[in-house]
Structures are given as C-alpha cells and as structure tokens.
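Descriptive analysis of the structure
What follows is the residue order along each chain.
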Amino acid sequence: MRAITVPKPGGPDALVWADVPDPEPGPGEVLVEVRASAVNRADLLQRQGLYPPPAGAPAYPGLECSGVVGAVGPGVTGWEVGQEVCALLSGGGYAERVAVPAGQLLPVPAGVDVVDAAALPEVACTVWSNVVRLAGLRAGETLLVHGGGSGIGTFAIQLGAALGATVLTTARAGKHDRLRELGAAYAIDYREQDFVAEVRRRTDGRGADVILDIMGASYLDRNVTALATGGRLVVIGMQGGRKAELDLGALLTKRATVAATALRSRPPEEKAEIVRGVWDEVWPLIEAGKIRPVVDHRLPMAEAATAHRMVEGDHVGKVLLTTR
Ligand SMILES: NC(=O)c1ccc[n+]([C@@H]2O[C@H](COP(=O)([O-])OP(=O)(O)OC[C@H]3O[C@@H](n4cnc5c(N)ncnc54)[C@H](OP(=O)(O)O)[C@@H]3O)[C@@H](O)[C@H]2O)c1
C-alpha cells in the first residue's frame, strides 16, 4: 500500500507519499480500507519530529480515518467486511490501509458521506470526553470555546449548542459569521477584544461555566478570571505555551476546577470507552442533523503538504485527505 511517510522531519514538504508494507489486523483489530483521513494540529508537530507516535502506534501520521472494513482479525465480532466505518487512531490514518483496535471503530452516521465521516472521530471524542464527561456541561450553562474556527472548535460550538448551552467563542474576525451559523451566540475577536470582559458582558458578570481551552499558558490567568463560580476549565492544547502561574486563591474563591487531558496517549480501553460514549450520545445528534462535519477542503493524500499548509493558515473546520 501507499502511506505518507516522513523520511526527514521538517516543513510540509517532509511528507512523502510512498510504498510501504501492508498492515495485518492482529487479534481484536479490524483492517480499514481508508477513503479519507483528516489533518489534526498534532500531525503538524509529528511532521516536525516534535510529537512522536506512542509505543505500538503506526509510524505514519493520521489520528482518524473513514473507509470500509477490509478484513477482521481474530476474536472480532460486530464488524463485517464491506461495512462503512470511521475510526479514532493512535496514528497511521494517512495511508491506504490501517489496522485499528475494534473498540475504536464507529459506524458512519446516517446522512453523512463516508469521506466526510473522517472529520468526526478525533473532534467528537476529544470534545465530548472533555466538555460533557469531564466538565459536565449542562443545558442553560455558558460554554466558552477558544479557537472556534479550528476542527475542535467548530465541533465544540455545535455540541454545546445542541446540548442547550449558550456558546461564546474566540476566533479571528473573518470566521465569525461561520461560527454563528454553527450555533455560537457570540464570537469574540481575540486579536482586538478582551475576552474576559466580553464573557462577563454576555453573562451579566457571572462568567463562563465551562471553558474549552487550546492556548494553555498564555490564557491560564485570563481563563480563571473568566470562570463563573463553580466553573470548570479544561485545557486540551498548549499553543500559547505549557508553563504558567496559577492563582489558587482565585480558584478557591470560585470553587472552580482546572483540568488538562490528552486523548492520543490514553490506553486502548479508555479510548474504546470514550468511543462508545460518543456513539451513544453524540452520533444521535449528528443523525438528527444537529451537528455536521465542517470540512474546509478535501485533497488527495499525495497533496498532504498542501493540506498541512492550509491547516497552518486560515481554515475553518477540517482539511481532509482522500485516497481516491
Ligand atoms: N488534548 C487532546 O486530546 C487534543 C485532541 C485534539 C486536538 N487538541 C488540540 O486542540 C487544538 C485545536 O486542534 P485542531 O486540530 O482543531 O486545530 P486547528 O484546526 O489547526 O486550529 C487551531 C486554531 O487555533 C486558533 N488560535 C490561534 N491563536 C489563538 C488565540 N490566541 N486565541 C484563540 N484561538 C487561537 C486558530 O484560530 P484563528 O484562525 O481564528 O486565529 C485556529 O482555529 C490544538 O491545540 C490541538 O493540539 C487536543
């Protein structure tokens, strides 16, 4: 088969579409004939040699894919050759075939094209596990989503709105119309506006009940200030750095919590549990048309370098890589 290899880490041109050995599905695994994968921010770091795949993961980039079941390994039940699926991966999605633990597979939701389904697993699992399962977002609460135009952000806005929360989001101004269409009640231009002041203004001074943060250090202090009493801040990205000072006094007074999680390094059993929760709770919202994949571009796998440049630039939602 062919896959995107990274013979020498570096810029987007480090990605090389090359012949590689076919994967074999081991016990408990399913072989997926990949129709599409999607570019995630982590792939840009992996390409630069800054985010090596976890032990046992395929060497090629790609944290999610969609396609058709090509074979099932020993001990797998419930999946059949020819079935359309999408999957959460530890790597290896930028390829014509990938072997996946069966617990990380999902059916393609009814009404979603099999190619576009590649835009869903990573964002659905990350956003649901943090915003719903960890932070416990409830209807009527206010959710602040940083980076609303990202793959993660476009999904978080839709999920928050579908669950009955008021969603505020930060993004550059050119993306605001799209984010309101997705369900954001108000979009904040983080380059021109003070997001803490805007959150207070939109919540009658209360603050946000849940904040989904991708910036890390550079936003920590402001995020804690923007939290409501009993608020929950979940950090999933460190685009603004990893080390910062935390004012515990502010947390104590607000009885607030700060958490940080990563999905990729979780053991397969935890990933399977999250995938099951997403299948039960998020897939019905997609099938009801309340959440849809937000696809910025679809490009052939061989043009992965262009796709990475797009994700490093000014995109909204996901950039997909297709095998046909
Ligand atoms: N922990 C986990 O398990 C996990 C899983 C998946 C993703 N993530 C993280 O989630 C983040 C989003 O991932 P992705 O693949 O969806 O990324 P992406 O599509 O590449 O988007 C990155 C976003 O960052 C935004 N941004 C940059 N500076 C900002 C600032 N100062 N304030 C607010 N937004 C800012 C950009 O928005 P503008 O264009 O509007 O500037 C852009 O939309 C990444 O940090 C990624 O590492 C974490």
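Residues numbered from 1 in each chain as written. Predicted model: local features only at pLDDT ≥ 70, side-chain atom pairs only at ≥ 80, totals over all residues. Heavy atoms only, no water.

Going by what an unreviewed UniProt entry lists, the chain is known as Putative NAD(P)H quinone oxidoreductase, PIG3 family and is assigned to Micromonospora krabiensis.

This next bit is on helix H2 (residues 121-134). For H2, the principal kink sits at Trp-128 and spans about 30°. Of all 14 residues in H2, twelve are buried; the element is thus mostly enclosed. Taken together, the buried positions of H2 are occupied by Pro-121, Glu-122, Val-123, Ala-124, Cys-125, Thr-126, Val-127, Trp-128, Ser-129, Asn-130, Val-131 and Val-132. Gly-136 lies just past H2 and shows a positive phi near 65°. (Bend = angle between axes of the 7 residues up to and from the residue. Helix = DSSP H or I, 4+ residues; strand = E, 2+ residues; numbered from the N terminus. Buried < 20%, exposed > 50% of the residue type's maximum accessible area, 1.4 Å probe, protein only.)

What follows concerns the layout of surface pockets. Reported here for the second largest pocket is a volume of approximately 280 Å³. If you trace the second largest pocket, you find 20 residues lining it, with Gly-56, Ala-57, Ser-90, Pro-101 and Gln-104 closest to the centre. Looking at the lining of the second largest pocket, the elements that each hand over two or more residues are strand S6 (97-101) and helix H8 (268-281). Sorting elements by how many residues they give to the lining of the second largest pocket places S6 first, with three residues. The class makeup of the residues in the lining of the second largest pocket is eleven nonpolar, five polar and four charged. (1 Å grid on protein atoms, 1.4 Å probe; cavity = no way out; pocket = protein on both sides within 12 Å on 5 of 7 lines; lining within 4 Å. Points joined across faces, edges and corners; volume = space filled by probe spheres on them. Nonpolar A, V, L, I, M, F, W, Y, C, P; charged D, E, K, R; others polar.)

Below, the discussion takes up the pattern of salt bridges. On inspection of all chains with the given rule, the structure shows 18 salt bridges. When the shortest N-O distance is used, the salt bridge between Asp-13 and Arg-309 registers 2.9 Å. With Asp-13 in the loop between strand S1 (2-5) and strand S2 (16-19) and Arg-309 in helix H10 (residues 304-312), this pair connects stretches of sequence that are 296 residues apart. Arg-309 gets classed as partly exposed once you look at its relative accessible area, which sits at 41%. Arg-172 is the salt-bridge partner of Asp-314, the closest N and O atoms lying 3.7 Å from each other. Within this pair, whereas Asp-314 is found in the loop between H10 and strand S15 (318-322), its partner Arg-172 is found in the loop between strand S9 (166-171) and helix H4 (176-181), the two being separated by 142 residues in sequence. The class for Asp-314 is exposed, based on a relative accessible area of 54%. Sharing partners across several salt bridges, the network here consists of Asp-22, Glu-33 and Arg-97. (Salt bridge = Lys/Arg side-chain N within 4 Å of Asp/Glu carboxyl O.)

Turning to the environment of Ser-150, a few remarks are in order. Within the element layout of this structure, Ser-150 appears in the loop between strand S8 (142-145) and helix H3 (151-162). Among the polar contacts listed, one links the side chain of Ser-150 to the backbone oxygen of Gly-147, at a separation of 2.7 Å. (Polar contact = N/O pair within 3.5 Å; in protein donor to acceptor, adjacent residues only side chain to side chain.)

Let's shift gears to helix H5 (residues 195-202). Among the residues making up H5, those that are buried are Phe-195, Val-196, Glu-198 and Val-199. Relative to the axis of H5, the buried residues are bounded by an arc of 165° and lie together on one face. Its buried side turned inward, H5 meets S8, S9, strand S10 (186-189), strand S11 (208-213) and helix H6 (217-226). Positive backbone phi, at 55°, marks Asp-204, one or two positions downstream of H5. (Arc of directions from axis to C-beta. Contact = heavy atoms within 4.5 Å.)

What follows concerns the site of the ligand. Residues in close proximity to the ligand total 25 residues, the closest being Arg-41, Lys-175, Tyr-190, Gln-239 and His-315. In this structure, an oxygen atom belonging to the ligand sits 2.8 Å away from a main-chain N or O atom of Arg-172. Within the side chain of His-315, one N or O atom sits 2.6 Å away from an oxygen atom of the ligand. Burial of the ligand by the protein chains amounts to 88% of its free accessible area of 930 Å². Only H2, H3 and S9 provide two or more residues apiece to the shell around the ligand. (Near = heavy atom within 4 Å. Areas by Shrake-Rupley, 256 points an atom, 1.4 Å probe, with all protein chains shown as cover.)

Inspection of the secondary structure puts Lys-243 in the loop between strand S12 (227-235) and helix H7 (248-254). The class of Lys-243 is exposed, set by a relative accessible area of 76%. Expressed as a C-alpha distance, the spacing of Lys-243 and Ala-124, which sit 119 residues apart in the sequence, is 27 Å.

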